[in-house]
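# Structural overview
This is what each chain is made of:
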Amino acid sequence: MAREKWGTKLGFMLAAMGSAVGLGNIWRFSFVAGNNGGGAFLLLYLCFVILIGVPLLLAEVSIGRKAESDVIGSFQKLAPKTPWYLTGFFGIASAFLILSFYAVVAGWAIYYFWNYINGSFFTSPAAGYEGAFGQFISHTWQPIAWTALFMILTIVIVLSGVKKGIEAANRIFMPLLAVLLIVLAIFSLSLDGASEGLKFLFTPDWSALSQPSIYIAALGQAFFSLSLGMGAMLTYGSYLKKENKLPSATLGIGLMDTFFAVISGIVIFPAVFAFGIDPSSGPPLVFITLPSIFEQMPFGGFVGLIFFFALVLASLSSSVSILEVPTAYFMRALGWSRFKTSVLMGSIMFVMGIAVSLGFGVWSGVTPIGDLGILDSMDYIASNILLPLGGLSMALLVGWFFTKSQALEATDLTDSPVAGFWHFIVKFVAPILIVIIFLNATGLLSA
Ligand code: PHE
Ligand code: NA
């Protein structure tokens, strides 16, 4: 059976932007920035997006387009008779880890959407938003039911196939989400105490840079947010036709994704300080902050309804790209149908998601890594370790295994003025930085 292709380059752009823009920009960006001191984190994050993220994004998409295969098959094709393909399993593993918690958090977002439909979050519930959210996520089966709903939606889109399912899902809601975030940012800036939030986000506390954990946190956030290192962008690239040019597309994806992250920081942090919420509240942060903003806003109930609807759709366009990674691989490797593969993979992820969800209730004492709970542990391994390792492998393939002219040809950079610069980054800067950040995080460099 012939592999599917995107209808148009715009179709690829929308799907890839849909993959990039999601909970990572709003939910994950806010709490990781909040945990890591705000300004200094933002600065590092932006540096990593520019220095490592966008150049590697181009490399990753180009691998997929050149090989026309999944995250493992592409390495097998381009570097045959080498063990390179084994690094593709980092991508498969991170897809399972990430989607199992992504679906839980997206389930929370659907629950919020529902509470704006029926009006119960228009004004603060008796326990306050923080209390109501805490009760909800610690409930045993309720959040699991919402996770299941989200997983089912994800599976249905993936099993309908690349063009019909994924390409069609994004056209209206990304622009809508952008407009809503801008409106929310303006409103959030008008709150009393907003300036403190802006100071937190935009004034780096330089002393924070002496902590090794902030580097790995910023690196992980750059990879997570750009959908980088897992093979999602590689797989999407493999559905591209050869004539579509890559550099402008990947730059556009990087800019768009960064815009969404910065603008949601401008929404969240003024409100965090205005409402006296702890910026290091962790994963619940935006779920406590956002309803407080909507409650103060004119027509806030309506805005909240639209916002969470758009957030759920943005999450869906990301989750389908994650499920597509193991689906594309196992379909080819085992010769299964798209239907069977996506249902099976999605179900396994859902079962893992049950553990994540229980981690906020009956299993809240379970801390697999240090003092990190189940979600944070899975996220740490996947986002901070596996994704950068996947990206490192791709950088080495394109930077060292390919000749320079092969690399430039694969990325459509042959006649570009930035060709030499890009190649230098992919060959030296990005790999070295990733290795240094890893060593630094393990404490090997501090001695
Ligand atoms: N980039 C997505 C987001 O920001 C999440 C994602 C990670 C998607 C890895 C694909 C691969 O929400
Ligand atoms: Na993102």
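Everything in this summary refers to the structure shown in the same document. Bear in mind the structure is a predicted one, so any value in this text is a computation, not a measurement.

This next bit is on the site of ligand 1. Inspection of the region around ligand 1 gives 14 residues, with Ala20, Gly24, Tyr102, Phe224 and Ser227 positioned closest. A distance of 3.2 Å is found between a nitrogen atom of ligand 1 and a backbone nitrogen or oxygen belonging to Ser19. At a separation of 3.2 Å, an oxygen atom of ligand 1 approaches a polar backbone atom of Leu23. Going through the elements one at a time, α1 (9–20), α2 (23–35), α11 (212–225) and α15 (300–334) are the ones with two or more residues in the shell around ligand 1. Residue composition of the shell around ligand 1, grouped by class: six nonpolar, eight polar and no charged.

Located in the positive-phi region is Ser227, a residue other than glycine, with phi close to 55°. Within the secondary structure, Ser227 is located in the loop between α11 and α12 (232–238). Under the relative-accessibility criterion, Ser227 is labelled buried at 12%. Not every positive phi belongs to a glycine, and Asp412 is a case in point at roughly 60°. Here Asp412 shows up in the loop between α18 (404–410) and α19 (419–441).

This part takes up the pattern of salt bridges. Under the definition given, this model contains six salt bridges. Here Arg28 makes a salt bridge to Asp379, at a shortest N to O gap of 3.1 Å. Placement of Arg28 in helix α2 and of Asp379 in helix α17 (residues 374–401) is noted, with a sequence separation of 351 residues between them. Exposure remark for Arg28: the relative accessible area of 3% places this residue in the buried category. Linking Arg338 and Glu324 is a salt bridge whose minimum nitrogen-to-oxygen distance equals 2.9 Å. Highlighted residues: Arg338 in helix α16 (residues 338–358) and Glu324 in helix α15, separated in sequence by 14 residues. Residue Glu324 is classed as buried on the basis of its relative accessible area, which comes to 0%. Sharing partners across several salt bridges, the network here consists of Glu4, Glu324 and Arg338.

Glancing now at the packing of helix α5 (residues 88–117) against helix α14 (residues 285–296). At a closest axis distance of 12 Å, the pairing of α5 and α14 adopts a crossing angle of 20°. Compared by their axis directions, α5 and α14 come out roughly parallel. Relative to α14, α5 is oriented so that their crossing is right-handed. Across the interface between the two elements, Val105, Trp108, Ala109, Tyr112 and Tyr116 from α5 touch Phe287, Pro291 and Phe294 from α14. Class assignment of the residues belonging to the contact of α5 with α14 gives a composition of eight nonpolar, no polar and no charged.

On to the coordination of the sodium ion (ligand 2), then. The protein atoms that coordinate the sodium ion (ligand 2) are Ala20 (O), Asn25 (OD1), Ser225 (O), Ser225 (OG) and Asp257 (OD), at distances spanning 2.1 to 2.6 Å. One can describe the donor arrangement at the sodium ion (ligand 2) as irregular, given that its six donor atoms subtend angles of 79 to 166° at the metal. Sequence positions of the residues that donate to the sodium ion (ligand 2) give the spacing A-x4-N-x199-S-x31-D. Of this pair, Ala20 sits in helix α1 while Ser225 sits in helix α11, and the two are 205 residues apart along the sequence.

In this section: helix α9 (residues 173–189). Its 17 residues give α9 an end-to-end C-alpha distance of 24 Å, which sits within 8% of 24 Å, the value for a rise of 1.5 Å per residue. By the burial criterion, the buried members of α9 are Met174, Leu177, Ala178, Leu180, Leu181, Leu184, Ala185, Phe187 and Ser188. The secondary structure elements touched by the buried residues of α9 are α1, α2, α10 (194–202), α13 (247–274), α14 and α15.

Turning our attention to the side chain of Ser238. Mapped onto the fold, Ser238 is located in helix α12. Taking relative accessible area as the criterion, Ser238 reaches 0% and is therefore assigned buried.

Next up on the list: a nonpolar patch on the surface. On the surface, Leu396, Trp400, Phe424, Phe428, Ile432 and Ile436 cluster together into a nonpolar patch covering about 550 Å² of accessible area. Mapped onto the nonpolar patch, the elements with two or more residues apiece are α17 and α19. The element that contributes the greatest number of residues to the nonpolar patch is α19, accounting for four residues. Structurally, the position occupied by Leu396 is in helix α17. For Leu396, a relative accessible area of 30% corresponds to the partly exposed category.

Scoring rules and cut-offs
- Residues numbered from 1 in each chain as written.
- Chains lettered and ligands numbered in written order.
- Predicted model: local features only at pLDDT ≥ 70, side-chain atom pairs only at ≥ 80, totals over all residues.
- Heavy atoms only, no water.
- Near = heavy atom within 4 Å.
- Polar contact = N/O pair within 3.5 Å; in protein donor to acceptor, adjacent residues only side chain to side chain.
- Helix = DSSP H or I, 4+ residues; strand = E, 2+ residues; numbered from the N terminus.
- Nonpolar A, V, L, I, M, F, W, Y, C, P; charged D, E, K, R; others polar.
- Buried < 20%, exposed > 50% of the residue type's maximum accessible area, 1.4 Å probe, protein only.
- Salt bridge = Lys/Arg side-chain N within 4 Å of Asp/Glu carboxyl O.
- Axes fitted to C-alpha atoms, helices over the stretch in contact; angles between N-to-C directions.
- Parallel < 35°, antiparallel > 145°, perpendicular 65-115°, else oblique.
- Left-handed = near helix turned anticlockwise from the far one by under 90°.
- Contact = heavy atoms within 4.5 Å.
- Donors = N, O, S within 2.8 Å, 3.2 Å for Na, K, Ca; no water.
- Tetrahedral: all angles 85-135°; square planar, octahedral: opposite > 155°, others 65-115°.
- Expected span 1.5 Å × (residues − 1).
- Patch = residues over 30% accessible without salt bridge, like charges linked within 9 Å, V, L, I, M, F, W, Y side chains within 5 Å.
- Areas by Shrake-Rupley, 256 points an atom, 1.4 Å probe, with all protein chains shown as cover.

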